[in-house]
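# Coordinate analysis (summary)
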Amino acid sequence: MRGLNLDHLRMFAQVAELGSFSAAAERNGVTQPAVSLQVRQLERRYGLKLVERVGRRARPTAAGLELLTHIRAIDATLAQAEQAMTAHASQVSGRLRLGTGATACTYLLPPLLADLRRRFPALEVVASTGNTADMLRGLENNTLDIGLVTMPAPGRMFQVEPLREDEFVAIFPARGPIAIPASATPQALAALPLVLFEPGARTRRLVDDWFEEAGLAAKPVMELGSTEAMKEIVAAGLGCAVLPRLAVSGAGRRDALTVLPLAPRLARTLAIVMRGDKPLSRGLRHLREALLGLRV
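Quick summary incoming for the structure in this document.

Each value, and the rule that gives it
Residues numbered from 1 in each chain as written. Predicted model: local features only at pLDDT ≥ 70, side-chain atom pairs only at ≥ 80, totals over all residues. Heavy atoms only, no water. Helix = DSSP H or I, 4+ residues; strand = E, 2+ residues; numbered from the N terminus. Contact = heavy atoms within 4.5 Å. Lys, Arg positive; Asp, Glu negative; His and termini not counted. Charge placed at Lys NZ, Arg CZ, Asp CG, Glu CD. Buried < 20%, exposed > 50% of the residue type's maximum accessible area, 1.4 Å probe, protein only. Arc of directions from axis to C-beta. Phe/Tyr/Trp six-rings, centres within 6.5 Å; stacked < 30°, edge-to-face > 60°. Lys NZ or Arg CZ within 6 Å of the ring centre and 35° of its normal. Core = buried A, V, L, I, M, F, W, Y, C linked by side-chain atoms within 4.5 Å. Pairing = 2+ DSSP bridges. Polar contact = N/O pair within 3.5 Å; in protein donor to acceptor, adjacent residues only side chain to side chain. Salt bridge = Lys/Arg side-chain N within 4 Å of Asp/Glu carboxyl O.

## Description of the overall build of the protein
Scanning the protein from N- to C-terminus turns up 11 helices and 11 strands. For the C-alpha atoms alone, the extent of the protein along its principal axes is close to 110 × 35 × 30 Å. Contacts in the protein between residues at least 24 apart in sequence constitute 72% of all its contacts with a sequence separation of at least 6. Each charge class in the protein can be summarised by its mean position, and for the 37 positive and 28 negative side chains these summaries are 7 Å apart.

Below, the structure is given as structure tokens:
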């Protein structure tokens, strides 16, 4: 294909179809010498005679007939490419990689992702979960297209859009041997069997800092990576836990749990994060707009 002029191929095909250089020139609004020049250039490329005159008509040679079969195949492939590109331009399609935390993925994103699939069936959104540091690394390496993570999201390359605040709460078994304190203070929680997120998570760091500001060190009896597992442990009467309110609201609400706000208050901010130089495809724009719709 290198150096091959598609216009020369099409002009040759029209000469063969019409049997005339002048007719091909008239159809394309050019001069007959211009048509002759394009066919000659094509013949020079292959070192073959492609057109011969039989009486007053121009007919393809045996080599020319062979080339015509390939031109038809090329035209069909180009038409398919045009259709594919038109679909990309007019439809929302493609594969997007969304990175987020397990809590947001479990309790916040399912209705949003279901609505996107309903509206844009050709758009595939692949969600992966992990801690904020891992998600930011994925965005930086371009293995993720967009992130919904806990702030802060440091890095000059990132475009950060704060989305919503999610306060932390303490959860206790609604019935069981653990006495529910009047207020969920660091001192009250430190005196109870405590279940916290596993180390390394941004949410765990926030909770540890909350205890440290009160002059205490959190000493959990269990460290888990799953909010649902933490809720099951607490509901079974084995301890209390500190979770984002998102995990115990809406679809995450459990009658077997009693929820108290922390005192003093503790909250995290969820934000949309992208590379500042990330091209905004139609699909990525719709995903970002859907995430912005979660803002409260």
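## A short note on helix 6 (residues 109–119)
What helix 6 keeps buried is the set Leu-109, Leu-112 and Leu-116. When helix 6 is viewed along its axis, its buried side chains cluster within an angular range of 65° and face the same direction. Set apart from the buried face of helix 6 by more than 90 degrees, the exposed residues are Pro-111, Arg-117 and Arg-118. The secondary structure elements touched by the buried residues of helix 6 are strand 3 (94–100), helix 5 (102–107), strand 4 (123–129), strand 5 (146–150) and helix 11 (282–292).

## Let's talk about the packing of aromatic side chains
Under the definition given, this model contains 1 aromatic pair. On the numbers, 5.0 Å between centres and 80° between planes, the contact of Trp-210 with Phe-211 is edge-to-face. For the pair shown, Trp-210 and Phe-211 are each scored as buried. Stacked on the ring of Tyr-46, the Lys or Arg Arg-45 has its end atom at 5.7 Å from the ring centre.

## Digging into the environment of Glu-213
Counting through the fold element by element, Glu-213 comes out in helix 9 (residues 202–213). Each C-alpha atom, one on Glu-213 and one on Pro-186, is 9.1 Å from the other, the two residues being 27 residues apart in sequence.

## Re the nonpolar core
In terms of nonpolar packing, the biggest core is built from 36 residues, with Ile-146, Leu-148, Ile-171, Leu-287 and Leu-291 touching the most fellow members. With 4 residues, the single largest contributor to this core is helix 11. Counting 19 residues, the second largest nonpolar core, distinct from the first, contains Phe-12, Val-15, Leu-42 and Leu-68.

## Focus: the environment of Leu-280
Within the secondary structure layout, Leu-280 lies in the loop between strand 11 (267–275) and helix 11. Between the C-alpha atom of Leu-280 and that of Asn-28, which follows or precedes it by 252 residues, the distance is 39 Å.

## Overview of the pairing of strand 1 (residues 51–54)
Looking at chain direction, strand 1 and strand 2 (residues 57–60) are connected through 4 bridges and run antiparallel. From the neighbouring strand, Arg-53 faces strand 2, where its bridge partner is Ala-58. The turn joining strand 1 and strand 2, which pair antiparallel and follow one another in sequence, is formed by 2 residues; a positive phi near 70° is taken by Gly-55.

## Thoughts on helix 11
In an α-helix, one turn spans 3.6 residues, which is why side chains three or four residues apart end up on the same side. Burial in helix 11 covers these residues: Gly-283, Leu-284, His-286, Leu-287, Arg-288, Ala-290 and Leu-291. Where helix 11 is buried, its residues contact strand 3, helix 6, strand 4, strand 5, strand 6 (158–173) and strand 11.

## Examining the side chain of Arg-268
Here Arg-268 shows up in strand 11. Under the relative-accessibility criterion, Arg-268 is labelled buried at 6%. Polar side-chain contacts of Arg-268 include one of 3.2 Å to the side chain of Thr-150. Beyond its immediate chain neighbours, meaning those up to four positions away, Arg-268 contacts Thr-103, Thr-150, Arg-164, Glu-165, Asp-166, Phe-168, Thr-203, Leu-206, Pro-244 and Leu-246.

## Remarks on the pattern of salt bridges
For the structure shown, the criterion picks out 22 salt bridges. As a salt-bridge pair, Asp-75 and Arg-10 come within 3.8 Å of each other at their nearest N and O atoms. Residue Asp-75 is located in helix 4 (residues 62–90), and its partner Arg-10 is located in helix 1 (residues 6–18); the two are separated by 65 residues in the primary sequence. By relative accessible area, Arg-10 is classed as partly exposed at 34%. Its salt-bridge partner being Arg-205, residue Asp-209 comes within 2.7 Å of it at the nearest N-O pair. Remark: Arg-205 and Asp-209 occur in helix 9; sequence separation between them is 4 residues, near one turn of the helix. Here Asp-209 falls in the partly exposed class, since its relative accessible area comes to 28%. Arg-205 sits in the partly exposed class, given a relative accessible area of 39%. Among the ionic contacts, a cluster of salt bridges with common partners joins Glu-165, Glu-167, Arg-245 and Arg-265.

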